[in-house]
Structure formats: structure tokens, C-alpha cells
There are 2 protein chains.
Amino acid sequence: MSTKDADREQGNAFLPRFDAQGLAGAIVQDETTGEVLMFAFMDQEALDATRATGFAHFHSRSRGKLWKKGETSGHLLEVKAMLVDCDQDAFVLKVRPHGPACHTGERSCFYRRLGPDGLTRLD
Amino acid sequence: MSTKDADREQGNAFLPRFDAQGLAGAIVQDETTGEVLMFAFMDQEALDATRATGFAHFHSRSRGKLWKKGETSGHLLEVKAMLVDCDQDAFVLKVRPHGPACHTGERSCFYRRLGPDGLTRLD
């Protein structure tokens with residue numbers, strides 16, 4: 001392991017690592033219930049905007065641009081804490097959601113369970 | 001929205017969507033505590049192996065191959081349930097971990113919190 005990799009894992013410096021597409025994974029978790037609400041990607045711009053404003057911003061891969069979650073719907077995600085993983089290429093955003101996190105109106109995007117024969121909607 | 005997209009969001013058919021690299025995001029969550037333990041990617045092969053065995057498999061981007069989590073360490077992740085998101089390009093694996101999920105020996109890979117001045121280790 002290089003010194004830089006060791007620093008990334010054990011140190012206190014924030015050294016985010018973006019992939020070849022300039023992205024890191026961002027897991028959104030309800031700070032109160034622990035429920036995983038959604039998953040999206042962040043680039044440096046989205047990360048900076050999130051830290052500067054306290055509201056979750058992502059990089060939309062389909063639109064190829066910065067995406068402030070809830071900008072249109074008002075369903076913002078207020079970031080209460082942000083965790084970083086060992087190799088600093090994924091984040092957990094602990095949030096207070098200002099409405100459903102999913103564009104379908106569901107509280108969480110993960111509203112179906114996979115079984116042997118397909119998907120079942122959760123209660 | 002195309003019919004296929006609507007089916008993906010509202011239907012019961014499992015229609016996983018992999019990105020240009022053939023990958024989908026996989027969030028590992030402790031089924032008991034709700035703690036997010038790690039994040040990795042799955043390709044079709046990893047997804048099939050996970051479903052067939054009941055233990056988490058991922059695609060290692062650095063090694064470019066199938067990776068059975070814990071194959072060497074014994075720290076397997078026993079998958080108790082798998083959730084699928086609205087557009088079916090991300091999964092939550094609810095697991096019973098057979099040891100620390102992180103290769104550093106931490107229970108979770110997300111053992112540090114981001115603050116204005118860098119990272120702080122969680123208790």
C-alpha cells in the first residue's frame with residue numbers, strides 16, 4: 001500500500017477519490033430511522049455544493065450536470081452529517097428529508113424487495 | 001417516460017440496469033442495526049453469485065473480477081434481504097456480517113465523519 005493510500009485510510013485529511021468518470025458514490029440515509037433513502041453520485045462540484053449549503057447535491061449522470069435534490073419538488077435533503085469510507089470513494093449522507101426522497105413519491109427509492117420470482121413492494 | 005422505464009419503476013419484474021461499465025451500486029446495511037457497512041459495485045456475475053449462494057459477491061473494479069467478500073478473511077456477508085431502487089440500478093443488501101465488514105478491521109468502512117477541517121474518527 002502506498003503512503004498516500006495509508007493516509008487515505010487512517011488519516012484525518014479529507015482526500016476524496018473520484019473514479020475515471022469523476023464520481024464517488026453517495027448513500028443517503030435517514031438520520032433518525034436509519035433507512036436508506038436513495039443512492040446517487042457526487043463529483044467534486046456536487047460535494048462542494050453540499051458542504052457549502054448543507055443540502056444534498058449530486059451529479060446527474062443522465063443530464064450530465066449538477067443536481068440539487070428537491071430543487072423543483074421542494075423535497076430537499078438536509079445533511080446533518082457526512083461519513084467517508086476507508087478509501088474515500090464513497091459517502092454516507094445522514095439527512096433530514098423535507099419530503100419523499102424518491103421522485104415516485106415513495107419515502108425511499110428502495111421500496112421493493114427482490115425475491116426468487118421478482119420484486120415485491122414493501123409495506 | 002418509456003413503457004420500459006415505467007415497468008422498471010412500478011412493476012414486479014426484476015430488470016436490473018447496469019451502467020456503461022456494466023455495474024450497479026450495492027449498499028451493504030447491517031440488517032439488525034441499520035448501520036451502513038460498506039459500498040461496492042455489482043455486475044451481472046456478482047449479482048447472480050450473490051443470489052445463488054446467499055453471500056455477498058461484488059465486482060472488484062481494481063482487480064477487474066468477481067470478488068466474494070470475506071473469501072480470504074472469513075468475514076462473509078450473509079444476505080438476508082435485497083432491496084432494489086426505483087430505476088433498478090442500485091441495491092441495498094441487508095446482511096448479517098460474519099466479522100468486520102471493512103478490510104481495516106473496523107465494523108463498518110464508514111468509520112470517519114467529515115467536518116469543516118477534515119475527518120474525525122467515530123467512536
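Residues numbered from 1 in each chain as written. Chains lettered and ligands numbered in written order. Predicted model: local features only at pLDDT ≥ 70, side-chain atom pairs only at ≥ 80, totals over all residues. Heavy atoms only, no water.

Chemist: How would you explain the sheet that holds strand β2 (residues 36–42) of chain B if you had to name every residue and give the values?
Modeler: Judged by pairing direction, the sheet is mixed, and its six strands sit side by side in the order β8(A)-β7(A)-β5(B)-β6(B)-β1(B)-β2(B) without closing on themselves. Of all strands in the sheet, those with a lone pairing partner are β8 (118–121) of chain A together with β2 of chain B, marking the two edges. On average, each strand axis in the sheet is inclined to that of its neighbour by 35°, with strand direction left out of account. On top of the sheet, helix α1 (residues 3–10) of chain B reaches β7 (112–115) and β8 of chain A; it is set at about 90° to β7(A), its chief contact. Against the sheet, helix α2 (residues 44–53) of chain B engages β7 of chain A together with β2, β5 (77–84) and β6 (90–97) of chain B, with an angle of about 125° to β2(B). (Pairing = 2+ DSSP bridges. Helix = DSSP H or I, 4+ residues; strand = E, 2+ residues; numbered from the N terminus. Axes fitted to C-alpha atoms, helices over the stretch in contact; angles between N-to-C directions. Contact = heavy atoms within 4.5 Å.)

Chemist: Outline the relation of the copies chain A and chain B, listing residues and values.
Modeler: Superposing chain A onto chain B requires a rotation of 180° together with a translation of 0.0 Å along the rotation axis, leaving an RMSD of 0.0 Å. In the structure described here, the two chain copies are related by an operation that fits a two-fold rotation axis. If distances are taken from each C-alpha of chain A to the rotation axis, the shortest is found for Gly34(A), at 2.8 Å. A symmetric contact is evident, with 100% of the interface residues of chain A recurring at the interface of chain B. (Least-squares fit on C-alpha atoms with pLDDT ≥ 70 in both.)

Chemist: I'd like to hear about the sheet that holds strand β1 (residues 24–30) of chain A, residue by residue, with values.
Modeler: Spatial ordering of the open sheet is given by β2(A)-β1(A)-β6(A)-β5(A)-β7(B)-β8(B), a layout of six strands whose pairing is mixed. The two strands at the open ends of the sheet, each matched to only one other strand, are β2 (36–42) of chain A together with β8 (118–121) of chain B. Within this sheet the neighbouring strands show an average axis-to-axis angle of 35°, counted without direction. Here β1(A) runs beside β2(A); their pairing, made up of six bridges, is antiparallel. Note that in β2(A) the partner of Gln29(A) across the bridge is Val36(A). Along the sheet face, helix α2 (residues 44–53) of chain A touches β2, β5 (77–84) and β6 (90–97) of chain A together with β7 (112–115) of chain B and points at about 125° away from the line of β2(A).

Chemist: So what's going on with the UniProt feature "binding site: Zn(2+)" (unreviewed entry) in chain A? Residues and values would help.
Modeler: With numbering aligned to this structure, UniProt lists the feature "binding site: Zn(2+)" (unreviewed entry) at Cys86(A), Cys102(A) and Cys109(A). What stands out for the annotated residues spanning 24 residues is how far apart their C-alpha atoms range, the widest pair being 27.9 Å apart. Counting through the fold element by element, Cys102(A) comes out in the loop between β6 and β7. With near-sequence residues (within four places) excluded, Cys102(A) lies in contact with Arg107(A), Ser108(A), Cys109(A), Tyr111(A) and Cys86(B). Within the element layout of this structure, Cys109(A) appears in the loop between β6 and β7. (UniProt positions renumbered as here; feature names shortened; annotations may be inferred.)

Chemist: Provide a residue-level description of the packing of aromatic side chains, including the pertinent values.
Modeler: Going through the model one piece at a time under the given rule, you end up with seven aromatic pairs over all chains. When the ring of Phe39(A) is compared with that of Phe41(A), the centres are 5.1 Å apart and the planes differ by 75°; the resulting orientation is edge-to-face. Members of the aromatic cluster, joined through ring pairs, are Phe39(A), Phe41(A), Phe39(B) and Phe41(B). When the ring centre of Phe55(B) is taken as origin, the NZ or CZ atom of Lys68(B), which lies over that ring, is 5.7 Å away. (Phe/Tyr/Trp six-rings, centres within 6.5 Å; stacked < 30°, edge-to-face > 60°. Lys NZ or Arg CZ within 6 Å of the ring centre and 35° of its normal.)

Chemist: So what's going on with the interface of chain A and chain B? Residues and values would help.
Modeler: Taken together, the contact between chain A and chain B spans 46 residues of the former and 46 residues of the latter. In total, chain A and chain B occlude about 3700 Å² of area from one another, counting both sides; carbon and sulfur atoms represent 55% of this. The three residues of chain A that bury the most area against chain B are Phe110(A), Arg112(A) and Leu114(A), which together make up 18% of that side's buried surface. The interface formed by chain A and chain B holds four salt bridges in total. The residue Arg61(B) makes a salt bridge to Asp89(A) at a minimum N-O spacing of 3.9 Å. The tally of links from chain A across to chain B stands at 32 residue pairs in polar contact (both at pLDDT 80 or more). Considered class by class, the residues forming the side of chain A that touches chain B number 22 nonpolar, twelve polar and twelve charged. For β5(A) and β7(B), the ladder comprises two bridges, and the chain directions are antiparallel. Residue Leu83(A) lies in a different strand from β7(B), and its bridge partner there is Arg113(B). (Buried area = accessible area lost by both parts, 1.4 Å probe. Salt bridge = Lys/Arg side-chain N within 4 Å of Asp/Glu carboxyl O. Polar contact = N/O pair within 3.5 Å; in protein donor to acceptor, adjacent residues only side chain to side chain. Nonpolar A, V, L, I, M, F, W, Y, C, P; charged D, E, K, R; others polar.)

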